[in-house]
Amino acid sequence: MSDTPNPKAPYTPPAVWTWDQASGGKFANINRPIAGPTHDKDLPVGRHPLQLYSLGTPNGVKVTVMLEELIELGHTGAEYDAWLIKINEGDQFSSGFVDVNPNSKIPALMDHSTEPPTRVFESGSILLYLAEKFGAFLPKDHAARTETLNWLFWQMGSAPFVGGGFGHFYAYAPEKFEYPINRYAMETKRQLDVLNRHLATHTWMAGDDYTIADIAIYPWYGWMVEGKLYSAGEFLSVHEYTHVQRWAKAIGERPAVRRGRRINRVWGDEADQVPERH
């Protein structure tokens, strides 16, 4: 009689969960149930006021696009150094990075124009911080500002279902299972439909003006409808979301967006890679 577990057998959770380091998956070597640094290493500091520690994932691209948009507007104080954090190699667990972001996730920002320097982590918080610091891409009108923040926080709360849910089980999990893929595909499509219905009657997410809400949402859902996330365009029938595609095309053609999405990128066409910016 074989002792090999049946992969189709129902899973019964144990009374107490334990960490199985051999659980597999693309990111198994960096996932762990504890926080804090794994090694001592200071972060580099360049000559610009803003120091960004990141990688060109959707969350990282939010910030590089924002910074490039600010520079495009002529805000010289938005000049920045972008340092590459190789998350597959555990750079985010260095003591220096944990000091900037105790959650050990990219992106993380240090603003050396303040005394003492200000740390900012979580991509939505960084966008809001920069928008307020430079008075750009966040409306002053109360209603428009509120609508912008509605969609900013919608993105922050919704995208984990797309990345950690759909993306993980569809693209990264060591085995394909129907239930989680169906569950998260359904939620991803529901979110795309939310956006499509909204953008059917709005030029930008918060109305007539391009804001941090658009900058936050584009690298996730814009890339999704362009077929650039998880090679899942056909699977999710992204051609159905015509209003999201119109909006994504308009954002993707902006010069600052074209620059920002290349920074801290270390995969794909070499012409689209700018691992660090100084």
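Shown above is the structure to which this text applies.
Here's what I pulled together on the structure shown here. Source: prediction; values computed, not measured. Along each chain, residues carry numbers from 1 onward, in the same order as the chain's sequence is written. Thresholds applied to this predicted model are a pLDDT of at least 70 for local features of residues and 80 or more for the giving and counting of side-chain atom pairs; totals over whole chains, interfaces and linings are not thresholded and use all residues. The basis for the side-chain values is all heavy atoms of the structure; hydrogens and waters are excluded.

### A short note on the overall build of the protein chain
Where helices and strands are cited, they refer to DSSP runs of H or I of at least four residues and of E of at least two residues respectively, numbered from the N terminus. Across its full length, the protein chain carries eight helices and four strands. Taken from N to C terminus, the helices and strands of the protein chain fall in the order β-α-β-α-β-β-α-α-α-α-α-α. Over its C-alpha trace the protein chain gives a radius of gyration of 20 Å, about what one expects of a compact globule, namely 19 Å for 278 residues. Here the term buried applies to any residue with accessible area under 20% of the maximum for its type, exposed to any over 50%, and partly exposed to those in between, with areas from a 1.4 Å probe on protein chains only. Buried positions account for 45% of the 278 residues belonging to the protein chain. In this description, contact between two residues means that some pair of their heavy atoms is separated by no more than 4.5 Å. Long-range contacts, defined as pairs at least 24 residues apart, comprise 68% of the intrachain contacts of the protein chain with a sequence gap of at least 6. For the protein chain, the exposed area adds up to about 14,600 Å²; of that, 54% sits on carbon and sulfur atoms. Our radius of gyration is a C-alpha quantity, and the globule rule it is checked against amounts to 2.2 Å times the number of residues to the power 0.38. To measure how exposed things are, a 1.4 Å probe is used in the Shrake-Rupley method; for residues, cover is taken only from the protein chains shown.

### What to know about the pairing of strand S3 (residues 108-111)
Residues Ala108 and Met110 point to one face of S3 and Leu109 and Asp111 to the other, with burial holding for every one of them. Should DSSP find at least two bridges between two strands, the strands are regarded as paired. Sheet topology note: the strand S1 (residues 50-54)/S3 ladder contains four bridges and is antiparallel. By the bridge assignment for S3, glutamine 51 is matched with methionine 110. Here S3 runs beside strand S4 (residues 118-121); their pairing, made up of four bridges, is antiparallel. Note that in S4 the partner of alanine 108 across the bridge is phenylalanine 121. Here S3 folds back onto S4 in antiparallel fashion, the turn holding six residues.

### Let's talk about helix H4 (residues 142-172)
One less than the number of residues in a helix, times 1.5 Å, gives the span that helix is expected to have. Taking 1.5 Å per residue, 31 residues should reach 45 Å; H4 reaches 42 Å between its end C-alpha atoms and fits that length. Side-chain atoms alone can form a polar contact between residues adjacent in sequence; in general such a contact is a pair of N or O atoms within 3.5 Å, and within protein one must be able to donate a hydrogen while the other accepts it. Capping the start of H4 is the job of one residue whose side-chain oxygen sits 3.2 Å from the backbone nitrogen of alanine 143: aspartate 141.

### Observations concerning the packing of helix H1 (residues 58-72) against helix H3 (residues 123-134)
Axes here mean lines fitted to C-alpha atoms, for a helix over just the part in contact, with angles spanning 0 to 180 degrees between N-to-C directions. Direction vectors running N to C along H1 and H3 enclose 10°, while the axes themselves pass 9 Å from each other. Taken as axis vectors, H1 and H3 run roughly parallel relative to one another. Residue-level inspection shows Asn59, Lys62, Val63, Met66, Leu67 and Leu70 of H1 in contact with H3, the latter providing Ser123, Ile126, Leu127, Leu130, Ala131 and Phe134. Working definition: roughly parallel below 35 degrees, roughly antiparallel above 145 degrees, roughly perpendicular at 65 to 115 degrees, and oblique for all remaining angles.

### Section: the nonpolar core
Remark: nonpolar core denotes a set of buried residues (Ala, Val, Leu, Ile, Met, Phe, Trp, Tyr, Cys) joined through side-chain atoms within 4.5 Å. Within the largest apolar cluster, 60 residues are counted, with the highest numbers of intra-cluster contacts made by Met66, Leu130, Ile212, Tyr221 and Trp247. Of all elements in the fold, only S1, H1, strand S2 (80-84), H3, H4, helix H5 (178-199), helix H6 (212-225) and helix H7 (242-252) reach the threshold of two or more residues within this core. A per-element tally of this core places H6 first, with 11 residues. Of all hydrophobic cores here, the second largest spans 11 residues; its members include Tyr53, Leu55, Leu84 and Ile85.

### A look at the environment of arginine 265
Counting through the fold element by element, arginine 265 comes out in the segment after helix H8 (255-260). Distance from arginine 265 to leucine 84, taken between C-alpha atoms, is 8.4 Å for residues 181 residues apart in sequence. Here the side chain of arginine 265 touches tryptophan 267 through a polar contact of 3.2 Å, landing on its backbone oxygen.

### A word on the packing of aromatic side chains
Only the six-membered ring of Trp is used, alongside the rings of Phe and Tyr, when aromatic pairs are assigned; centres must lie within 6.5 Å, and planes under 30 degrees apart are stacked while those over 60 apart are edge-to-face, with the rest tilted. Counted by the stated rule, this structure contains 12 aromatic pairs. When the centroid spacing of 5.9 Å and the interplanar angle of 10° are considered together, the rings of phenylalanine 169 and tyrosine 184 count as stacked. In this pair, phenylalanine 169 sits in helix H4 while tyrosine 184 sits in helix H5, placing the two residues 15 residues apart along the sequence. Judged by centre distance (5.9 Å) and plane angle (80°), the rings of tyrosine 172 and tyrosine 230 are edge-to-face. With a gap of 58 residues between them, tyrosine 172 in helix H4 and tyrosine 230 in the loop between H6 and H7 connect regions that are remote in the sequence. Accessibility expressed as a relative area gives 26% for tyrosine 172, which makes it partly exposed. For tyrosine 230, a relative accessible area of 16% puts it in the buried group. Among the aromatic residues, those joined into a ring-pair cluster are Phe166, Tyr170, Tyr172, Tyr230 and Phe235. Sitting above the plane of the tyrosine 210 ring, arginine 254 keeps its charged end 3.7 Å from the centroid. Think of it as a cone above the ring: NZ of Lys or CZ of Arg counts as a charge over the ring if it is within 6 Å of the ring centre and within 35 degrees of the ring normal.

### Description of the side chain of threonine 64
On the secondary structure map, threonine 64 appears in helix H1. The class of threonine 64 is buried, set by a relative accessible area of 1%. Other than its neighbours up to four places away in sequence, threonine 64 contacts Leu52, Tyr80, Gly260, Ile263 and Asn264.

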